[in-house]
Amino acid sequence: EIISNQILEIQPQQRRNEILGKLQIGPEDISISRINLPWGIPLPFDPTQTTYVWIDALINYISGIGYGMSSNFDNWWPADLHVIGKDILWFHSVIWPALLLSVNLKLPKKIFAHGYFTVNGQKMSKTIGNVILPEELINKFGVDGAKFLLLNAFPFGSDGDINLKDFKEKYNAHLANNIGNLISRVATMVHRYLDSEIIKPVDWTDKILADGGVKKIISEINTELEKLNFDRAIKLILDIS
């Protein structure tokens, strides 16, 4: 009921349907402990049992911000958004809320499950040797450029393929040629007509926002960002650049 009524929002819709379908089958009880695992954290009331790793891991979300120890806890909880991988959605959208409800704590407002990257159509694998490290993308395109290319490659939440050749073409087309040329032309005009000094009267922002078209586009961009539709937000920005 909490999930079906969107009290706990799960995105994308495909992942929400996945959880609702699994719940309709009927969830089973889980054990919060394991036996004969010496590396686990012992239960205080039964030293032969250690805490199930997911129970221990999930509790870190609240223990790390002072649950039971700090008066500032309520300033940080509940979380506005959990961003997780799709493979651990069940733990975060069913087991974790159950733990929170059991101790009368508020639930996170939204859970978003992202997909996986593939490289040239293949799953990343050390054996194949096709693993792309974030540092590699940063070295090639810079931090902001790498973020742009990843978020613009496919809808956030879906599985998507990374192709460095395509990334290079998009980098040149969108950032170097499109936005890059726009910035270059503006800088040239500022240098030529304003002696390289940008004079920004206070009312410039108000005049810009007074334009209904601009106001509408900004509103659309903000709406897409709220929904974590980064690719759509980027498209709107590119359309006006």
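Computed from a prediction, not measured in an experiment: that's the story for all the values here. (Residues numbered from 1 in each chain as written. Predicted model: local features only at pLDDT ≥ 70, side-chain atom pairs only at ≥ 80, totals over all residues. Heavy atoms only, no water.)

Tell me about the layout of surface pockets, and please be specific about residues and values.
The calculated volume of the largest pocket comes to roughly 410 Å³. Looking at the largest pocket, it is lined by 21 residues, and the ones nearest its centre are Leu23, Pro27, Trp90, Val94 and Ile95. A total of seven residues in the lining of the largest pocket trace back to one element, the largest contributor, which is helix 4 (residues 89–102). Taken together, the residues of the lining of the largest pocket sort by class into 14 nonpolar, three polar and four charged. Of the pockets and cavities examined, the second largest pocket occupies roughly 240 Å³. Contributing to the lining of the second largest pocket are 13 residues, with Pro12, Pro155, Phe156, Asn229 and Arg232 lying nearest its centre. Within the residue set of the lining of the second largest pocket, elements represented by two or more residues are helix 1 (13–25) and helix 9 (230–240). The residue inventory of the lining of the second largest pocket, partitioned by class, reads four nonpolar, six polar and three charged. (1 Å grid on protein atoms, 1.4 Å probe; cavity = no way out; pocket = protein on both sides within 12 Å on 5 of 7 lines; lining within 4 Å. Points joined across faces, edges and corners; volume = space filled by probe spheres on them. Helix = DSSP H or I, 4+ residues; strand = E, 2+ residues; numbered from the N terminus. Nonpolar A, V, L, I, M, F, W, Y, C, P; charged D, E, K, R; others polar.)

Account for the nonpolar core, naming residues and giving values.
Counting residues in hydrophobic clusters, the biggest one holds 23 residues, and the most contacted among them are Ile19, Ile62, Trp77, Leu89, Ile95, Trp96 and Leu100. Looking at this core, the elements with two or more residues in it are helix 2 (53–63), helix 4 and strand 6 (110–114). The leading source of residues in this core is helix 4, at seven residues. In this structure isoleucine 19 touches Ile3, Ile10, Leu89, Trp90, Ser93 and Val94, once residues within four positions along its chain are discounted. Counting residues in hydrophobic clusters, the runner-up holds 11 residues, among them Val119, Ala146, Phe148 and Ile162. (Core = buried A, V, L, I, M, F, W, Y, C linked by side-chain atoms within 4.5 Å. Buried < 20%, exposed > 50% of the residue type's maximum accessible area, 1.4 Å probe, protein only. Contact = heavy atoms within 4.5 Å.)

Mind laying out unusual backbone geometry, listing which residues take part and the relevant values?
With an omega of -5 degrees, the peptide bond between glutamine 11 and proline 12 qualifies as cis. Position of proline 12 relative to the elements: it lies in the loop between strand 1 (9–11) and helix 1. Proline 78 follows tryptophan 77 through a cis peptide bond whose omega is 10 degrees. Structurally, proline 78 can be placed in the loop between helix 3 (73–76) and strand 5 (82–85). Of note in this structure, glutamine 6 is not a glycine but carries a positive phi near 65 degrees. Its location among the elements puts glutamine 6 in the segment before strand 1.

Please set out the pairing of strand 6 residue by residue, giving values where relevant.
Counting buried positions along strand 6 yields four of five residues, so the element is predominantly enclosed. Pairing analysis gives three bridges linking strand 1 to strand 6, with the strands arranged parallel. Opposite glutamate 9, over in strand 6, you have lysine 110 as the bridge partner. Looking at chain direction, strand 5 and strand 6 are connected through four bridges and run parallel. (Pairing = 2+ DSSP bridges.)

A description of the pattern of salt bridges should follow, citing residues and the corresponding values.
Here the structure, examined in full by the defined rule, presents five salt bridges. Residue aspartate 159 pairs with lysine 86 through a salt bridge whose shortest N-O separation is 2.9 Å. Of this pair, aspartate 159 sits in the loop between helix 5 (134–153) and strand 9 (160–162) while lysine 86 sits in the loop between strand 5 and helix 4, and the two are 73 residues apart along the sequence. Among the salt bridges present, the one from lysine 216 reaches glutamate 220, with a minimum N-O distance of 2.4 Å. One end of the pair, lysine 216, and the other, glutamate 220, are both in helix 8 (residues 212–226), four residues apart, so they sit about a helical turn from each other. In this structure lysine 216 comes out as exposed when scored by relative accessible area, which is 51%. (Salt bridge = Lys/Arg side-chain N within 4 Å of Asp/Glu carboxyl O.)

I'd like a rundown of the packing of helix 1 against helix 4, residues and numbers included.
Interhelical geometry of helix 1 versus helix 4 gives an angle of 60 degrees and a closest axis separation of 11 Å. Overall, the two elements helix 1 and helix 4 adopt an arrangement that is oblique. Helix 4 is crossed by helix 1, and the crossing has right-handed handedness. Contact residues: Arg15, Glu18, Ile19, Lys22 and Leu23 in helix 1; Leu89, Trp90, Ser93 and Val94 in helix 4. Here the residues of the contact of helix 1 with helix 4 sort into five nonpolar, one polar and three charged. (Axes fitted to C-alpha atoms, helices over the stretch in contact; angles between N-to-C directions. Parallel < 35°, antiparallel > 145°, perpendicular 65-115°, else oblique. Left-handed = near helix turned anticlockwise from the far one by under 90°.)

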